[in-house]
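An overview of the molecular structure
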Amino acid sequence: KNHSILQKQQDSRPMELDKPPPAAASNTSREFGHYVVTSHKPGSTLVSCKCSFTASDAIDLIVVKSNRIEVRTLSSTTESSLLPLTVDVPIRGRITSLIPFNPPNNSTRTSHLFVLTSTCHYTVLS
């Protein structure tokens, strides 16, 4: 079967495309599927926590918004009331739970994040 595919591709004649099935007599208009997607990032906060995620001496605010994790670092040089965005991580799936933890014998002394999605898939970020 693979040889016939290769022969068709090597043939100099243009390949004929399959013709669409004829439309039903009662339905003369063509219907197309619709693809709907939002161009905005999620705005509502589902879960938030404070831990040392980026460095052992840093204070980080972890914010979960639907399928994204935002890491904002608090520093003494921040002049405004807004925390600068350090990391923005997309997650495949809707996040339902986030738990920071410090594993035993952690040489870096940074927190790890346990992330659980609505389909019961999980990951650990560090």
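For the structure given in this document, a descriptive report is provided here. (Residues numbered from 1 in each chain as written. Predicted model: local features only at pLDDT ≥ 70, side-chain atom pairs only at ≥ 80, totals over all residues. Heavy atoms only, no water.)

Here's the deal with the nonpolar core
Condition: Put simply, a nonpolar core is a bunch of buried Ala, Val, Leu, Ile, Met, Phe, Trp, Tyr and Cys residues held in one set by side-chain atoms that sit within 4.5 Å of each other. Throughout, exposure labels follow a simple rule: accessible area from a 1.4 Å probe, protein chains only, divided by the maximum for the residue type, with under 20% read as buried, over 50% as exposed, and the rest as partly exposed. Put simply, DSSP marks the helices as runs of H or I at least four residues long and the strands as runs of E at least two long, and each gets a number from the N terminus on. It only takes one pair of heavy atoms within 4.5 Å for two residues to be counted as in contact.
Ranked by internal contacts, the top residues of the largest apolar core, which has 13 residues, are F53, I62, V64, I69, I95, L98 and L113. Mapped onto this core, the elements with two or more residues apiece are β1 (47-51), β2 (59-65), β3 (68-74), β5 (95-101) and β6 (112-117). Ranked by residues supplied to this core, first place goes to β1 with three residues. Not counting the four nearest positions on each side in its chain, V64 is found in contact with S44, T45, L46, V47, I69, I95 and L98.

A word on the pattern of salt bridges
The line we're drawing: Salt bridges are identified by distance alone: a Lys or Arg side-chain nitrogen within 4 Å of an Asp or Glu carboxyl oxygen.
For the structure on display, the rule yields three salt bridges. Ionic pairing is found between K65 and E70, a salt bridge with its closest N-O pair at 3.7 Å. One exposure class covers both K65 and E70, and it is buried. One salt bridge in this structure joins R72 and E70, with 3.3 Å as the shortest N-O distance. The exposure class assigned to R72 is partly exposed, which follows from its relative accessible area of 22%. Judged by relative accessible area, which is 9%, E70 ranks as buried. Taken together, the shared-partner salt bridges connect K65, E70 and R72 into one network.

Function cannot be read off these values alone, since they describe shape.
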